[in-house]
Amino acid sequence: MWWDERVSARFRRNLQPTLTYWSVFFSFGLCIAFLGPTLLDLRCQTQSSLSQITWVFFSQQFCLLLGSCLGGVFKRTLAQSLFALFASSLAISLVFAIIPLCHNVVVLAVVMAVAGLAMGCIDTISNMQLVKIYQKDSAIFLQALHFFVGFGALLSPLIADPFLSDTNCILSNSTANASSNLPHIRKSLVPHHPGNLSHYDLPMKGMVVTRVSYAFWIMALINLPVPIAVFFLLYKERMVPCFNGSSHPLLSADELAMETRPTEKDDLSTSVQRPQAAGGHDDLFGCCQSKNFRGASYTYFAVHITGALVLFMTDGIVGEYSGFVYSYAVEEPLSVVHKVAGYLPSLFWGFITLGRLISIPISYRMKPATMVFINVVGVLITFLLLLIFSYSVVFLFVGTASLGLFLSSTFPSMLAYTEDILQYRGCATTVLVTGAGVGEMVLQLLVGSIIHDRGSYSFLVCGMIFGGLAFTFYAFLVFFHRMYPKPPSDLDDASPDKPAITDDTGQYQR
């Protein structure tokens, strides 16, 4: 095997929980990508205006951010984490099943808000728990985790496509005029965000003839094994209420420590009960408590902030590029045919998924810091070349694929790098997940307004600026990493700079 026996043995011992977290992230990807392609059919189903239906995007993204902030609340014990994941993954299946019954846009927005909360909890908890299990070996498993979100994001539009309306899905007197615009509008709706739709005049009254309900019910069935897998993990750990099992914190550590002390069960029980006030991996509000800052150096805060800013920029680029590359392509000077331009968002997400798959073996041989450096430099160079060859349609496709590859592994690599700097005792996971979510929401809105005022060319200029800022913040992160103090062995337990406890087994504890 291309990884060593120590990592392989740890993976085998934690096979079921690892596969469960990967499958839950598949639910995340499945849910995040379906809204764009189906938005026109949902608009017909709710008989709402285009400006009204776009609020569904906002409700999902805002509640995803809120769920990411609150997800750390459920990290304290394994039981809390698994019950939260079970509820979240089951909620996603229920959302898919309920969406066809939502004939009012406000009800649809509320349902998507619930989905956003579930997705946010999944995002934070799955990343946290994999980092807890594998710690310094977590990079490879985080790469695999984020491959599954890309796989889900590719699958849901493919499921929906056969059921999308080829003509206008509301029959009225103006159907003929609206039908000619529908393919163009649909192609401008990408997996994450809609473009500028306010100038399209579609009928709001008439008979609804959409078949998109079947797509949502199929996705609900496809996602159903995920909460079942989480339930089986709860059952295995004797955490189903009928077993009256007690819940214990999910711990992880160096496998070598287990091999040298396989019989120290009493010491392990003591370490399990030890309070983790400064143990990191808290919810965002818990991270902000003053008790977590006692004795912390300024570099402790700087590592958190610069790491979050890097992901603010890179995840923001993912959102704004996937959201506006079609609009950029169909405008002058490229004037790409609408049908051809519609492949660009799919190409972008396809290469993000491919890049995450390739990064799984690479991350075992390459340090996370090196991977992040290659990613941010690659993003910067790609945008520079896109600006230089801005009149080339061929290079737009090449650049889109290149950008997807370089952005694919940035989040898991940055998470592994930052957690390694902080010895898995800071709030890096929560802060980085929150920073990435804010960046994806804010930069997409910012670029949309700039393109509206300055024209489509500003799309690439904004990407270049964001890529440059990502590289700058990464350089600051490396600088603060070098300045970050090595914690002495006798550092007080309450200090946030204390290294992770390494006297556990790396498995789930009872």
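Computed from a prediction, not measured in an experiment: that's the story for all the values here.

## Some thoughts on the overall build of the protein
For step 1, the next point in the chain: Along its length, the protein carries 22 helices and 2 strands.
For step 2, the next point in the chain: Expressed as a percentage of its 510 residues, the buried residues of the protein come to 59%.
For step 3, the next point in the chain: A sequence separation of at least 24 residues applies to 85% of the contacts in the protein between residues at least 6 apart.
For step 4, the next point in the chain: In the structure as shown, the protein presents an accessible area of about 20,600 Å², 66% of it carried by carbon and sulfur atoms.

## A short note on the packing of helix α18 (residues 368–388) against helix α22 (residues 458–483)
For step 1, the next point in the chain: At a minimum axis separation of 9 Å, α18 and α22 run at an interaxial angle of 155°. One element, α18, and the other, α22, form an angle in the roughly antiparallel class. Here α18 and α22 pass one another in a crossing that is left-handed. Of α22, the residues touching α18 (which contributes A369, V372, F373, V376, V377, V379, L380, F383, L384, L386 and L387) are L460, V461, G463, M464, G467, G468, A470, F471 and Y474.

## Remarks on helix α15 (residues 298–330)
For step 1, the next point in the chain: The end-to-end C-alpha distance of α15, which contains 33 residues, comes to 48 Å, matching closely the 48 Å that a straight helix rising 1.5 Å per residue would cover.
For step 2, the next point in the chain: Most of α15 sits out of view: 28 of its 33 residues are buried.

## Overview of the side chain of Q143
For step 1, the next point in the chain: Along the chain, Q143 turns up in helix α8 (residues 138–160).
For step 2, the next point in the chain: Among the polar contacts listed, one links the side chain of Q143 to the side chain of S413, at a separation of 2.8 Å.
For step 3, the next point in the chain: Dropping the residues within four chain positions of it, Q143 is found in contact with R356, S359, I360, S363, M371, S409, P412 and S413.

## What to know about the environment of F58
For step 1, the next point in the chain: Summarising the element assignment, F58 is placed in helix α5 (residues 55–70).
For step 2, the next point in the chain: Sequence-wise, F58 and G116 are 58 residues apart; in three dimensions their C-alpha atoms are separated by 9.8 Å.

## Quick look at unusual backbone geometry
Keep in mind that most residues, glycine aside, have a negative phi and that most peptide bonds are trans.
For step 1, the next point in the chain: Positive phi outside glycine occurs at S335, with the angle close to 50°.
For step 2, the next point in the chain: Here S335 is to be found in the loop between α15 and α16 (338–341).
For step 3, the next point in the chain: Judged by relative accessible area, which is 42%, S335 ranks as partly exposed.

## Notes on the environment of E419
For step 1, the next point in the chain: Within the secondary structure, E419 sits in helix α20 (residues 410–421).
For step 2, the next point in the chain: Separated by 281 residues in the primary sequence, E419 and S138 place their C-alpha atoms 9.5 Å from one another.

## With respect to a nonpolar patch on the surface
For step 1, the next point in the chain: There is a patch of nonpolar side chains on the surface, built from L90, L94, I98, L101, Y214, W217, L221, L224, I228, F231, F232 and Y235 and spanning about 1,200 Å² of accessible area.
For step 2, the next point in the chain: Contributions of two or more residues to the nonpolar patch are made by α6 (78–98), α10 (213–223) and α11 (225–236).
For step 3, the next point in the chain: Inspection of the secondary structure puts F231 in helix α11.
For step 4, the next point in the chain: For F231, a relative accessible area of 35% translates into the label partly exposed.

## Section: the packing of aromatic side chains
For step 1, the next point in the chain: Taken as a whole and judged by the stated rule, the model has 23 aromatic pairs.
For step 2, the next point in the chain: Ring plane angle 35° and centroid distance 6.1 Å describe the contact between F163 and Y214, whose orientation is recorded as tilted. In this pair, F163 is assigned in the loop between α8 and β1 (170–171) and Y214 in helix α10, connecting sequence segments 51 residues apart.
For step 3, the next point in the chain: On the accessibility criterion, F163 (17% relative accessible area) is buried.
For step 4, the next point in the chain: One aromatic cluster in this structure is built from F11, W22, F26, Y134, F141, F147, F148 and F151.

## Let's talk about the side chain of R10
For step 1, the next point in the chain: In this structure, R10 sits in helix α1 (residues 5–13).
For step 2, the next point in the chain: Residue R10 is classed as buried on the basis of its relative accessible area of 2%.
For step 3, the next point in the chain: Polar side-chain contacts of R10 include one of 3.1 Å to the backbone oxygen of Y134.

## Focus: the packing of α5 against helix α21 (residues 428–454)
For step 1, the next point in the chain: At a minimum axis distance of 9 Å, the contact between α5 and α21 shows a crossing angle of 170°. Of the possible angle classes, the one that applies to α5 and α21 is roughly antiparallel. Contacts from Q61, F62, L65, S68 and C69 of α5 reach α21 at T430, V433, T434, G437, V438, E440 and M441.
For step 2, the next point in the chain: When grouped by side-chain class, the residues that make up the contact of α5 with α21 number 6 nonpolar, 5 polar and 1 charged.

## A look at the environment of K367
For step 1, the next point in the chain: Structurally, K367 can be placed in the loop between α17 (343–365) and α18.
For step 2, the next point in the chain: When its relative accessible area of 64% is taken as the criterion, K367 is described as exposed.
For step 3, the next point in the chain: For the pair K367 and Y417, spaced 50 residues apart in the sequence, the C-alpha separation amounts to 8.1 Å.

## Observations concerning the confidence of the model for the protein
For step 1, the next point in the chain: Put simply, the protein has an average pLDDT of 76, and 72% of its residues get 70 or more.
For step 2, the next point in the chain: Element-level pLDDT for the protein is lowest in helix α13 (residues 265–273), with a mean of 36, against a maximum mean of 94 in α18.
For step 3, the next point in the chain: Note on residues 187–201: pLDDT under 50 across the span, and 49 contacts to partners over four residues away in sequence or across chains.
For step 4, the next point in the chain: Overall, residues 245–281 carries pLDDT values under 50, and its contacts beyond four positions in sequence, including any with other chains, amount to 93 contacts.

Here is what the cut-offs are and how they apply
- Residues numbered from 1 in each chain as written.
- Predicted model: local features only at pLDDT ≥ 70, side-chain atom pairs only at ≥ 80, totals over all residues.
- Heavy atoms only, no water.
- Helix = DSSP H or I, 4+ residues; strand = E, 2+ residues; numbered from the N terminus.
- Buried < 20%, exposed > 50% of the residue type's maximum accessible area, 1.4 Å probe, protein only.
- Contact = heavy atoms within 4.5 Å.
- Areas by Shrake-Rupley, 256 points an atom, 1.4 Å probe, with all protein chains shown as cover.
- Axes fitted to C-alpha atoms, helices over the stretch in contact; angles between N-to-C directions.
- Parallel < 35°, antiparallel > 145°, perpendicular 65-115°, else oblique.
- Left-handed = near helix turned anticlockwise from the far one by under 90°.
- Expected span 1.5 Å × (residues − 1).
- Polar contact = N/O pair within 3.5 Å; in protein donor to acceptor, adjacent residues only side chain to side chain.
- Patch = residues over 30% accessible without salt bridge, like charges linked within 9 Å, V, L, I, M, F, W, Y side chains within 5 Å.
- Salt bridge = Lys/Arg side-chain N within 4 Å of Asp/Glu carboxyl O.
- Phe/Tyr/Trp six-rings, centres within 6.5 Å; stacked < 30°, edge-to-face > 60°.
- Nonpolar A, V, L, I, M, F, W, Y, C, P; charged D, E, K, R; others polar.
- pLDDT = per-residue confidence, 0-100.

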